[in-house]
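# Tertiary structure, described
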Amino acid sequence: MDAAFLAATGTLRYSPQLGHGGHTRRDGGSTLWWLIVDCDPELGRYLRHQFLLGHRRTRQLQSPLWGAHISAIRGERPPLEALWKRWDGATVAFEYDPAVRETDGFVWCPVRCERLLALREELGLPREPQPALHLTIGNSRVGGVE
């Protein structure tokens, strides 16, 4: 493990439902072909707090709809659909860089996880997702979609 990266675990969730119990996103898209890692809510709360302290509490930041999570597959229908949900509910270990970043209002941390990259390949998808693996901890946009 690199000195800048810290270890954590989360739970694999395939086709995660949104807060209202469905799969339709605010932007009209669907979460049916999404695979996320559901992370510890306390990790997300801590990292959001660090972000706010770094901005002297002058910024507003809301938690993502799924809470702190890693999006491993984002709406990509896999060629090997028969393997979809094969590991649903399994625990996965990952490493994250606690130095919080922000892009277009989304607040995140870089992630390394060999297991998630292997899962993408197992489903027939490209190994590296675009954007790269990251831990989403919040957003400063009203109506953010991730």
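Scroll up for the structure.
We now turn to the structure provided with this report.

Cut-off values and rules
Residues numbered from 1 in each chain as written. Predicted model: local features only at pLDDT ≥ 70, side-chain atom pairs only at ≥ 80, totals over all residues. Heavy atoms only, no water. Helix = DSSP H or I, 4+ residues; strand = E, 2+ residues; numbered from the N terminus. Expected span 1.5 Å × (residues − 1). Buried < 20%, exposed > 50% of the residue type's maximum accessible area, 1.4 Å probe, protein only. Arc of directions from axis to C-beta. Contact = heavy atoms within 4.5 Å. Polar contact = N/O pair within 3.5 Å; in protein donor to acceptor, adjacent residues only side chain to side chain.

## Points about helix H1 (residues 41-54)
- Across its 14 residues, H1 extends 20 Å between first and last C-alpha, which sits within 8% of the 20 Å expected from 1.5 Å per residue.
- For H1, every residue scored as buried is listed here: Leu 43, Gly 44, Leu 47, Arg 48 and Phe 51. Looking down the long axis of H1, one finds its buried residues gathered within 130° of arc, a one-sided arrangement.
- Buried-residue contacts for H1 involve strand E1 (6-14), strand E4 (91-96), strand E5 (101-103), strand E6 (106-112) and strand E7 (134-139).
- With a side-chain oxygen lying 2.8 Å from the backbone nitrogen of Glu 42, the N-terminal cap of H1 falls on Asp 40.

## Observations concerning the side chain of Asn 139
- Positionally, Asn 139 belongs in strand E7.
- On the accessibility criterion, Asn 139 (2% relative accessible area) is buried.
- Polar side-chain contacts of Asn 139 include one of 2.8 Å to the side chain of Gln 62.

## A few points about the environment of Thr 136
- One can find Thr 136 in strand E7.
- Note: C-alpha distance between Thr 136 and Trp 108 (28 residues apart in sequence) is 4.4 Å.
- Engagement of the side chain of Thr 136 in a polar contact is seen with the side chain of His 134, the distance being 3.4 Å.

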